[in-house]
Amino acid sequence: MATSYRTKANATATKKTPTTKKAAATKKAAAPAKKAAATKKAAPAKKAAAPAMAAPAASGSGGEVAPAFTLPSDEGKDVSLADFAGRRVVLYFYPKDNTPGCTRQACAFQDNLAALKKKGAVVLGVSRDSAKTHAGFKAKYNLGFPLLADTDGAVHRAYGAWGTKTNYGRTFEGALRTTVLIDEQGRITKRFPNVKVDGHADQVLAALAAL
């Protein structure tokens with residue numbers, strides 16, 4: 001009878017062994033997963049990329065520092081805001097070369113260019129047209145100031161000259177006709193949002209006279 005008892009006990013032990021081994025294997029497999037989860041949780045969040053340019057307020061005359069930029073011009077060379085340090089700058093953004101409103105605006109600045117220079121100001125026109133298109137537009141109307149190509153719209157956005165527009169019931173993103181006056185210290189002293197072309201050159205002259 002003793003032999004029979006041992007045989008039965010051995011059989012019971014043999015029957016329990018796979019279950020024990022299976023539990024141990026499961027526990028061992030779970031350990032790396034738990035460790036990986038802890039490592040993932042502890043990892044620091046990636047730092048967000050800083051914007052290339054800080055956009056100033058959309059209107060007013062807060063005297064904030066004008067965002068720096070370098071853009072290709074109609075003459076085929078790069079022009080930077082820093083090139084005009086110590087001078088006043090009339091920086092105007094317009095939608096498109098060779099369109100009626102933009103043509104009238106450019107010609108008005110040209111007609112008043114001598115008076116603007118007497119106020120110590122230079123004029124810079126900016127649109128998303130290419131430098132080549134600018135060259136043709138400038139030659140056609142004999143414009144005496146640089147036209148800059150902001151083809152990706154980055155400078156428009158930095159100066160608050162890009163946003164939502166509505167035309168014939170259609171809403172879309174585009175250039176907002178905007179003029180910014182920058183003083184000799186490189187600070188924005190006046191911003192004209194949603195510019196109306198007719199009479200705008202006179203508004204700019206009056207604002208320069210008040211500085």
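Every value quoted in this text rests on a predicted model; they were computed, and no experiment measured them. (Residues numbered from 1 in each chain as written. Predicted model: local features only at pLDDT ≥ 70, side-chain atom pairs only at ≥ 80, totals over all residues. Heavy atoms only, no water.)

Colleague: Which residues make up unusual backbone geometry, and what values do they have?
Modeller: With a phi close to 60°, asparagine 98 is a non-glycine residue in the positive phi region. Structurally, the position occupied by asparagine 98 is in the loop between β3 (88-93) and α2 (100-111). Phi is positive for asparagine 142, close to 50°, though the residue is something other than glycine. Mapped onto the elements, asparagine 142 comes out in the loop between α4 (131-140) and β5 (147-149). Overall, the relative accessible area of 61% leaves asparagine 142 in the exposed class. (Helix = DSSP H or I, 4+ residues; strand = E, 2+ residues; numbered from the N terminus. Buried < 20%, exposed > 50% of the residue type's maximum accessible area, 1.4 Å probe, protein only.)

Colleague: Residue-level account of helix α6 (residues 200-209), with values.
Modeller: Taken together, the buried positions of α6 are occupied by His200, Ala201, Val204, Leu205, Ala207 and Leu208. The arc that holds every buried residue of α6, seen down its axis, measures 165°, which confines them to one face. Next to the buried residues of α6 lie β3, α2, α3 (113-118), β4 (121-127), β8 (178-182) and β9 (188-192). (Arc of directions from axis to C-beta. Contact = heavy atoms within 4.5 Å.)

Colleague: Help me get a handle on the packing of aromatic side chains, residues and values and all.
Modeller: If you walk through the whole model with that rule in mind, you get 7 aromatic pairs. Every member of this aromatic cluster is reached through a ring pair, and the members are Tyr92, Tyr94, Phe109, Phe137, Tyr141 and Phe145. A cation over a ring is seen here: arginine 170 above phenylalanine 172, with NZ or CZ 4.5 Å from the ring centre. Here the basic side chain of lysine 190 rests over the ring of phenylalanine 192, its NZ or CZ set 5.5 Å away from the ring centre. (Phe/Tyr/Trp six-rings, centres within 6.5 Å; stacked < 30°, edge-to-face > 60°. Lys NZ or Arg CZ within 6 Å of the ring centre and 35° of its normal.)

Colleague: Describe the confidence of the model for the chain, and please don't skip the residues or the numbers.
Modeller: Per-residue confidence for the chain gives a mean pLDDT of 81, with 71% of residues at or over 70. Considering only residues more than four positions removed or in separate chains, one finds that residues 1-61, a stretch of pLDDT under 50, has 25 contacts. (pLDDT = per-residue confidence, 0-100.)

Colleague: Tell me about the pattern of salt bridges, and name the residues and values.
Modeller: Using the criterion set out here, one finds 7 salt bridges in the structure. As a salt-bridge pair, aspartate 198 and arginine 104 come within 3.3 Å of each other at their nearest N and O atoms. Of this pair, aspartate 198 sits in the loop between β9 and α6 while arginine 104 sits in helix α2, placing them 94 residues apart in sequence. Assessed through its relative accessible area of 42%, arginine 104 is described here as partly exposed. (Salt bridge = Lys/Arg side-chain N within 4 Å of Asp/Glu carboxyl O.)

Colleague: Describe the nonpolar core, naming the residues involved and giving the relevant values.
Modeller: Residues Val90, Tyr92, Phe109, Val123, Phe145 and Val204 are the most contacted members of the largest nonpolar core, which totals 21 residues. Residue contributions to this core peak at 4 residues, all from α6. In contact with valine 90, other than residues within four places in its own chain, are Phe109, Ala121, Val122, Val123, Leu124, Thr179, Val180, Leu181, Val204 and Leu208. Listed in part, the 20 residues of the second largest apolar core include Ala66, Val155, Val180 and Ile182. (Core = buried A, V, L, I, M, F, W, Y, C linked by side-chain atoms within 4.5 Å.)

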